[in-house]
Amino acid sequence: MIRSTLLDADGRQILISNDFGDYAIISNDEFRSYETGSETALSTERLRDLEARGLAKADHQRPRSKLEEAAFNTRKSFALEGPSLHIFVVTLRCDHSCQYCQVSRANLSAPGFDMTSETAALAVDRVFESPSSTLTIEFQGGEPALRFDLVRRIVELAENRNLTENRTLSFAMVSTLHHFSDDDLAFCRDHEIRLSTSIDGPSVLHDRNRPNPDRNAWLQTVEALDRARAVLGHEGVSALPTITREGLSDPRGLVDQYRDLGFPTIFLRPISPYGFALKTRKAIGYRMEDFLRFYDQALDYILELNANGEAFEETYAAILLRHILTPFHSGYLDLRSPTGTGLGVLVYNYDGRVFPADEARMAAQTGDQRFTMGTVADSFDTLMASPAMQWLMKGAVSEHLRGCRDCAFVPYCGSDPVFHATVQGDPAADRRDSEFCQKHMHIFRGLFRRVAEAEPETMRTFIAWAMRKPRDEVHVSGWVDR
Ligand code: SF4
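Residues numbered from 1 in each chain as written. Predicted model: local features only at pLDDT ≥ 70, side-chain atom pairs only at ≥ 80, totals over all residues. Heavy atoms only, no water.

### As for the nonpolar core
Counting residues in each nonpolar core, the largest one holds 127 residues, and the members touching the most others are Phe88, Phe139, Leu195 and Phe448. Sort the elements by how many residues they give to this core and helix 11 (residues 288–307) lands first, with 11 residues. Both domain 1 (1–75) and domain 2 (80–384) contribute no fewer than three residues apiece to this core. Look past the residues within four positions of phenylalanine 88 in its chain and what remains in contact with it is Met115, Ala120, Ala123, Val124, Val127, Ile137, Glu138, Phe139, Gln140, Ile154 and Tyr348. In this structure, Ile14, Ile26, Phe31 and Leu42 belong to the second largest nonpolar core, which totals 10 residues. (Core = buried A, V, L, I, M, F, W, Y, C linked by side-chain atoms within 4.5 Å. Buried < 20%, exposed > 50% of the residue type's maximum accessible area, 1.4 Å probe, protein only. Helix = DSSP H or I, 4+ residues; strand = E, 2+ residues; numbered from the N terminus. Domains from an automatic or database assignment. Contact = heavy atoms within 4.5 Å.)

So, in structure tokens, the structure goes:
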């Protein structure tokens, strides 16, 4: 199927794409010729180019060739793998009281919020029931380092089990980094547990967003980062910002904070609509258009840095560009069709409940039990056939959804049924009414417009990000579609 979407408000440029991710950017006049079959604005050469790439009007409804089938299968290869990411919420307790994390945490001394050893062992059984050849166990909280004893136990249990399973097994942990002993860090190094922490910006902003008992969260995080890097290596720890309303005012300041701390990337996402109360949302939340203005300014700055020779990545753009400029999927769970919800990730809560996404866990935490798949005592097959999965799968395939099915960005986008179930009340809600769509329309349009401009330094950066190559290894910058 071939779809078309305007790239700018006045309709001067139009993107046409097919199911396999091939695309062309043509002018309004060319598009009219394309639609009517006249050659007045569309040269014979251009028509042949479109034919060669399966984008000619006549290709709209014809059956797929073997080559196209192979391209489609490559792009969607994740669909047959089964859940590869398994998130263990080992405790909900945390000593921080971040404004945007109210429903996902419990007080440090609160009883009844830790996973038991029995629950952990059953969850490990579920992990190995997944058919995926690649398994990542990620520890989250609360603050998972508060139960590092349980983390050790789960890692050892999974490694022992893998002696006979022979999967590609890896570990990750999301942590403030504040609570690691030297022994804990050595264990992370020896078992290759990748650490990820939160840094919301310069110290004043970080401390306001993420209050800890000593009111010095930024300082403690930076000191802990140095300690962790000394044991795990510089690449062993990554970081993510949560962007609150206050953070929107200074995109350069946030990017510079990450550069100053020696991170080669930053991942810019709007604050999630889950996990905090309505009152707080009013205080720290914002409209999507405000985030997109911030995003554009940050991306401009990052592209400027790259053009001046400093390799620095904006990870969300890199994910989208991998979908646009290569035949491969990035693996990113929120941008899959069929969805990554339950099909790519499972979440084992401290109390034994199982969810198809971390956002689903947070929605359930606010009382909406429609997102609960079952418990760790249920078999993998039972969990996958649960009413929660049947409900969410109504919004699993973008190509079938209202809004997306006619959108030229659909080969590069995703369906995210949990977001739409939470915000719009229906996993299959019309995407044209959603902030998810508003965000992606805007970012896709910006990226494709830059691709059409083909400014050499921007293309060198884009290709490096999409191909996951060092920037100085991209020797031929420039053309993609002209
Ligand atoms: S969510 Fe929006 S941008 Fe993405 S494919 Fe659907 S309609 Fe297009």
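The structure having been displayed, the exposition proceeds.
### Here's the deal with the environment of valine 347
The residue valine 347 is located in strand 11 (residues 345–348) in this model. Spatially, the C-alpha atom of valine 347 lies 8.9 Å from that of alanine 360, the residues being 13 residues apart in sequence.

### Let's talk about the environment of phenylalanine 312
Considering the arrangement of structural elements, one finds phenylalanine 312 in the loop between helix 11 and strand 10 (313–314). The spacing of phenylalanine 312 and arginine 32 is 280 residues in sequence and 40 Å in space, taken between C-alpha atoms. What phenylalanine 312 contacts, discounting residues up to four positions off in sequence, is Val255, Tyr258, Arg259, Phe263, Pro264, Thr265, Ile266, Ile302, Asn306 and Trp465.

### Some thoughts on the side chain of glutamate 68
For glutamate 68, the position within the fold is in helix 3 (residues 66–75). Beyond its immediate stretch of four places on either side in the chain, glutamate 68 contacts Phe20, Gly54, Arg62 and Pro63.

### Topic: helix 5 (residues 148–165)
With 18 residues, helix 5 extends 25 Å from end C-alpha to end C-alpha; this agrees with the ideal 26 Å at 1.5 Å per step. Restricting attention to buried positions, one finds in helix 5 the residues Phe148, Leu150, Val151, Ile154, Val155, Ala158 and Asn162. End-on view of helix 5: buried residues confined to an arc of 150 degrees, all on one side of the axis. Along helix 5, exposed side chains directed more than 90 degrees from the buried face belong to Asn160, Leu163 and Thr164. Buried positions along helix 5 lie against strand 4 (85–89), helix 4 (117–129), strand 5 (134–140), strand 6 (168–174), helix 6 (182–190) and strand 7 (193–198). (Expected span 1.5 Å × (residues − 1). Arc of directions from axis to C-beta.)

### Looking at the sheet that holds strand 1 (residues 2–6)
Taking strand neighbours across the sheet as the criterion, the 3 strands line up as 1-2-3 in an open arrangement whose pairing is antiparallel. Each end of this open sheet is capped by a strand with a single partner; those strands are strand 1 and strand 3 (23–27). Recorded for the sheet is a direction-independent mean angle of 25 degrees between the axes of neighbouring strands. Note that strand 1 and strand 2 (residues 13–18) share 5 bridges and pair antiparallel. In the sheet register, arginine 3 faces strand 2, and the bridge partner there is serine 17. Taken strand by strand, helix 1 (residues 28–36) contacts strand 1, strand 2 and strand 3, and its axis lies near 110 degrees from that of strand 3. (Pairing = 2+ DSSP bridges. Axes fitted to C-alpha atoms, helices over the stretch in contact; angles between N-to-C directions.)

### Examining the packing of helix 12 (residues 315–325) against helix 18 (residues 456–467)
Orientation of helix 12 relative to helix 18, taken along the N-to-C sense of each, is 90 degrees, at an axis distance of 8 Å. Between helix 12 and helix 18, the angle falls in the class roughly perpendicular. Along its contact with helix 12, which presents Ala317, Ala318, Leu321, Arg322 and Leu325, the element helix 18 presents Phe462, Ile463, Trp465, Ala466 and Met467. Among the residues forming the contact of helix 12 with helix 18, the class breakdown is 9 nonpolar, no polar and 1 charged. (Parallel < 35°, antiparallel > 145°, perpendicular 65-115°, else oblique. Nonpolar A, V, L, I, M, F, W, Y, C, P; charged D, E, K, R; others polar.)

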